[in-house]
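# Notes for the structure review
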Amino acid sequence: MNRQKSKSTFSATLLALIMGVSVFMAGQVWAAKMVKDPSTGKMVSKPVYGGTLTTMLASDIAYWDTYQGAQAAWINSYVYEKLAYGDWAADRSVYPFTTEYVPFDAYRGHLIESWEETSPTSFTVKLRQGVHWQNKAPMNGRELVAKDVEFSYHRMTGLGSGFTKPGACPSFIGIPWKSITATDKYTVKVELKEPNLSALPVFLTESYDCSWVHPPEVIKKHGDLSDWKTWVGSGPWMIEEHVRDSHVTLNKNPDYWAHDEKYPENKLPYADSVVIRIIPDPATQVSALRTGKIDHHWVGMSVSQVEDLKKTNPEIIAQPLPGWAESAGLRLDFEPFKDIRVRKAMQMAIDLKAINDNLYGGLGDPTPAGQLGKAVVGYRYPYEEWPQWLRDEYAYNPKKAKQLLVEAGYPDGFEVTYDFTSVPSPYTGNSELAQILAAYWSQIGVKTKLNPLDHATYQANVNSKSFSPITHFSETWNYDPVATVNIIHSEKSQWTASMAGKGSRDLYPEHHLLAEMAQAAKTHEEQKFIVKAADKYSIEQHWMVFPGVFPNFVAYQPWIKGYNGERQLGGGSFFGIISARVWIDKN
């Protein structure tokens, strides 16, 4: 009996020891597979290499060369690079990188090691040595040097290297460039005609269109970058294939120079390839995420899509991001919108809270705002500071709206056409919102003809300023505040708001003056004061019908690691630069 008891006690002790060792060993294995993300303090799976990262776009690439405009920035961000980016290793509680706006103090050198303001009208940048172009003709893997930067910026500013006409760069317009010169193999000096606070950040990274370093030999040989087959960048990805309205495939640059800022011992990129699927239909986008055909839905997923997705795939991560306003732009060079009373009536006819509750699931922000979003602290004119009379002009009041139309000479209302893209996009179209706005306007006698367009036609109309009196545009951006003001100031910009039709200086000269003053400001405090005044002016002028800020989501599969829902690292870098820094771990 005692022998049996001793045997049982021994067995129990042995079992406990075995289990303890197993738990210890499992913990050791877990620890070996996990690392701390220094930007969040959270434990994540250890970076691994390999696999294909699949993301999506709602429409195919309209054009490839950023010389033509900012929409080419998305695809450029995979192949080409900028002088500086937001610091990928930065504390996400301070710099979450979930909006277009990245404060200047979040930047670190990328293609450059450093920059220095040498005088109020000059600065220099020192290039990082050992950066090479991709090993593809005609660049053939040669080192990227200061002359390449000089060439790229001469092309975009029209300041030399055979270029006299600047690119479509709203953020460059108004900056008093004097010269951009490679003074030695790794140094570029920039001189200004007069001091300008925006010049340095815009030069380094903040221009969506123009602060990319492009390959001189390719442009000299082919004239531009409009053919993707000729592309040779310095970035992590190389375009392998583009099938129109289907997909873009990019393979890793095997000779890429950069390392992960969070884990400096790791060369980038982690994945072997990236596939960008072109999926116009929102339901198909959700289905592709649900079935694992895409790993990442970059931006613009609606509340209803997220709710539908979570019912079947609760494991998919849907992270809310700051949104912007899907506004209806009103052309000031068209009747009846020349009359501010009509513009006020169009705003007062709509119920912002109802739109937020019914369209955005109560997750948006119906608080009226202007050109700048809440992330741009200090530059915007916040609702809390609005006088009561201005608040009243953004409050739902259809009776007052009808009265204003009568006073303006439209007692029976009027007919008007509203342009937007048939494929939903926060920037270019939301047919459900358009129908809601049209229904509200019908209550005050405004008959709205909804005019859904394919993306190419919409973009062509915007570029030529031949769009309808009402056109879908975005505003309330969390973006560089001076550049935002300048976008509306510039009549050359493809992103210009609808009121910047032909002859816009005659329509709102005060705003043009404020934009020019913001560019010429001598201190940041002065610049903030002027930009805030410009934001206030646009709000008072009712250039757009503000429907509220929509809720924005990025959704991705749980096997995408090292990712915290970042939108971009500044200046239109988008997912291209981020995709090199995340990895796939399905285990």
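Residues numbered from 1 in each chain as written. Predicted model: local features only at pLDDT ≥ 70, side-chain atom pairs only at ≥ 80, totals over all residues. Heavy atoms only, no water.

### A few points about the overall build of the protein chain
Heads up, the rule is: For helices the rule is a DSSP run of H or I covering at least 4 residues; for strands it is a run of E covering at least 2, with both sets numbered from the N terminus onward. Between the two quantities, the radius of gyration covers C-alpha atoms and the globule rule is 2.2 Å times the number of residues to the power 0.38. Relative accessibility decides the category of a residue: with a 1.4 Å probe and only protein chains considered, values under 20% of the type maximum give buried, values over 50% give exposed, and everything between is partly exposed. In these tables, accessible area is a Shrake-Rupley quantity obtained with a 1.4 Å probe, and a residue counts as shielded only by the protein chains included in the view.
For the protein chain, the count of helices and strands is 18 helices and 22 strands. By the compact-globule yardstick of 25 Å for 587 residues, the protein chain fits well, its C-alpha radius of gyration being 27 Å. Based on the C-alpha atoms only, the size of the protein chain along its principal axes is roughly 105 × 70 × 45 Å. When the 587 residues of the protein chain are sorted by exposure, 58% land in the buried category. Entry remark: accessible area of the protein chain is about 23,700 Å², with carbon and sulfur atoms responsible for 54%.

### Concerning the pairing of strand β20 (residues 552-556)
Our working rule: Strand pairing is defined by DSSP finding a minimum of two bridges between the two strands.
Most of β20 is tucked away, with five of its five residues classed as buried. Neither face of β20 is open: one carries Asn552, Val554 and Tyr556, the other Phe553 and Ala555, and all of them are buried. Here strand β13 (residues 296-297) runs beside β20; their pairing, made up of two bridges, is antiparallel. Within the sheet, the bridge partner assigned to His296 lies in β20 and is Tyr556.

### Examining the layout of surface pockets
Selection criterion: Computed over the protein atoms alone on a 1 Å grid, cavities are sets of points where a 1.4 Å probe fits but cannot get out and pockets are open sets with protein on both sides within 12 Å along at least five of seven lines; a residue lines them when it has an atom within 4 Å of a point. Grid points are joined across faces, edges and corners, and a volume is the space filled by probe spheres set on the points. We call Asp, Glu, Lys and Arg charged. Ala, Val, Leu, Ile, Met, Phe, Trp, Tyr, Cys and Pro are nonpolar, and the rest, Gly among them, are polar.
Computed from the structure, the second largest pocket encloses a volume of approximately 540 Å³. Along the walls of the second largest pocket sit 29 residues, with Phe104, Leu197, Ser198, Pro201 and His524 positioned nearest its centre. For the lining of the second largest pocket, the secondary-structure elements that each account for two or more residues are β6 (112-119), β7 (122-127), α4 (199-206), α14 (481-489) and α17 (524-541). Ranked by the residues each element gives to the lining of the second largest pocket, the list is headed by α4, at five residues. Residues belonging to the lining of the second largest pocket are distributed by class as follows: 17 nonpolar, seven polar and five charged.

### A closer look at the environment of Ile294
Heads up, the rule is: The contact rule is simple, with two residues in contact once any of their heavy atoms fall within 4.5 Å.
Along the polypeptide, Ile294 turns up in the loop between α6 (282-290) and β13. Take Ile294: its relative accessible area is 0%, and that puts it in the buried class. Setting aside residues up to four positions removed in sequence, Ile294 forms contacts with Thr54, Thr55, Met56, Arg277, Ile279, Gln285, Ala288, Leu289 and Gln557.

### Notes on the sheet that holds strand β8 (residues 177-184)
Hydrogen bonds between backbone atoms are what pair the strands of a sheet, whose relative direction is either parallel or antiparallel. Cut-off, in case you're wondering: Axis lines are fitted to C-alpha atoms, over the contacting stretch for helices. Their N-to-C directions set the angle, which ranges from 0 to 180 degrees.
Pairing is antiparallel in the open sheet, where four strands are placed in the order β6-β7-β9-β8. Here the strands that pair on one side only, and so sit at the sheet edges, are β6 and β8. In this sheet, adjacent strand axes meet at a mean angle of 20° when their direction is disregarded. Where helix α3 (residues 146-157) meets the sheet, it contacts β7, β8 and β9 (187-192), and its direction lies at approximately 165° from that of β8.

### As for the pairing of strand β16 (residues 414-421)
Keep this limit in mind: Here the term right-handed applies to a crossover when the path leading from its first strand over the helix to its second strand runs clockwise, the strands being oriented away from the viewer.
The buried fraction of β16 amounts to six of the eight residues, a majority that puts the element mostly inside the structure. The pairing of β16 with strand β17 (residues 446-453) spans eight bridges and is parallel. Within the sheet, the bridge partner assigned to Phe414 lies in β17 and is Val446. As a crossover connection, the stretch from β16 through helix α12 (residues 431-442) into β17 is right-handed.

### Considerations on the confidence of the model for the protein chain
Heads up, the rule is: Predictor confidence is given residue by residue as pLDDT, running from a minimum of 0 to a maximum of 100.
When pLDDT is averaged across the protein chain, the result is 89; 91% of the residues are at 70 or more. Contacts from residues 497-503, a stretch scored under 50 in pLDDT, to residues over four places away or in other chains number 30 contacts.

### Let's talk about the sheet that holds β16
Spatial strand order, β17-β16-β18-β15-β19: five strands in an open sheet with mixed pairing. Of all the strands in the sheet, just β17 and β19 (544-545) have a single pairing partner and so form its edges. As defined by bridge partners, strand β15 (residues 325-330) adjoins β19 across two bridges and the pair is classed as antiparallel. Residue Gly329 lies in a different strand from β19, and its bridge partner there is Met544.

### Thoughts on α6
Worth spelling out the cut-off: Regarding the arc, it is the one traced by the directions from the helix axis to the C-beta atoms.
Within α6 the residues assigned to the buried category are Gln285, Val286, Ala288 and Leu289. Axial view of α6: buried residues confined to an arc of 160°, hence all on one face. Where the residues of α6 are buried, they touch β3 (52-57), β13, α7 (303-312) and β20. Directly beyond the C-terminal end of α6, a positive phi value near 80° is found at Gly292.

### Quick word on the packing of aromatic side chains
We apply this condition: The aromatic pairing rule takes the rings of Phe, Tyr and Trp, using the six-membered ring of Trp, and pairs them if the centres are within 6.5 Å, calling planes under 30 degrees apart stacked, those over 60 edge-to-face and the rest tilted.
All chains considered together, the criterion is met by 33 aromatic pairs. Centroid distance Tyr208 to Tyr479: 4.8 Å. Interplanar angle 80°. Geometry classified as edge-to-face. One end of the pair, Tyr208, is in the loop between α4 and α5 (216-222); the other, Tyr479, is in the loop between β18 (470-475) and α14, with 271 residues separating them in the sequence. Judged on exposure class, the residue Tyr208 and its partner Tyr479 are both buried. Considering the side-chain rings of Tyr418 and Trp441, the 6.0 Å spacing of their centres and the 50° angle between planes classify their relative orientation as tilted. Pair noted here: Tyr418 is in strand β16 and Trp441 is in helix α12, with a separation of 23 residues, a long-range link. The same class applies to Tyr418 as to Trp441, namely buried. Chaining the aromatic ring pairs together yields one cluster made of Trp74, Tyr78, Tyr208, Trp477, Tyr479 and Phe574.

### Points about the pattern of salt bridges
Note the cut-off: Salt bridges are identified by distance alone: a Lys or Arg side-chain nitrogen within 4 Å of an Asp or Glu carboxyl oxygen.
Considering all chains together, one arrives at 20 salt bridges under this definition. Lys147 is paired through a salt bridge with Glu150; the nearest N and O atoms lie 3.2 Å apart. With Lys147 and Glu150 both in helix α3 and three residues apart, this pair spans about one turn of that helix. The exposure class assigned to Glu150 is buried, which follows from its relative accessible area of 8%. Three or more residues joined by partner-sharing salt bridges are found here, namely Arg142, Asp148 and Glu217.

### Focus: the side chain of Asp535
For the record, the criterion: Under the counting rule used here, the positive set is Lys and Arg, the negative set is Asp and Glu, and His together with the chain ends is not counted. Distance and chemistry together define a polar contact, namely a pair of N or O atoms within 3.5 Å, with one atom able to donate a hydrogen and the other to accept it when in protein, and with adjacent residues in sequence counting only for side-chain atoms on both sides.
Following the sequence through the fold, Asp535 ends up in helix α17. Within the buried core, Asp535 has no salt-bridge partner, and the shortest N-O distance to an opposite charge, that of Arg380, equals 5.4 Å. A distance of 2.9 Å separates a polar side-chain atom of Asp535 from the backbone nitrogen of Tyr381. With residues near it in sequence (within four places) discarded, Asp535 still touches Gly370, Gln371, Leu372, Arg380 and Tyr381.

### What about the packing of helix α8 (residues 340-348) against helix α11 (residues 398-407)?
We count it as follows: Angles below 35 degrees are treated as roughly parallel, those above 145 as roughly antiparallel, those between 65 and 115 as roughly perpendicular, and all remaining angles as oblique. Should the near helix be turned counterclockwise from the far one by less than a right angle, the crossing is left-handed, whereas a clockwise turn marks it as right-handed.
Remark: α8 packs on α11, axes separated minimally by 8 Å, with the N-to-C direction vectors making an angle of 160°. Taken together, the axes of α8 and α11 lie roughly antiparallel to each other. Regarding α8 and α11, the two cross each other, and that crossing is left-handed. Contacts from Arg341, Val342, Lys344, Ala345 and Met348 in α8 reach Pro398, Lys400, Ala401, Leu404, Leu405 and Glu407 in α11. Tallied by class, residues from the contact of α8 with α11 come to seven nonpolar, no polar and four charged.

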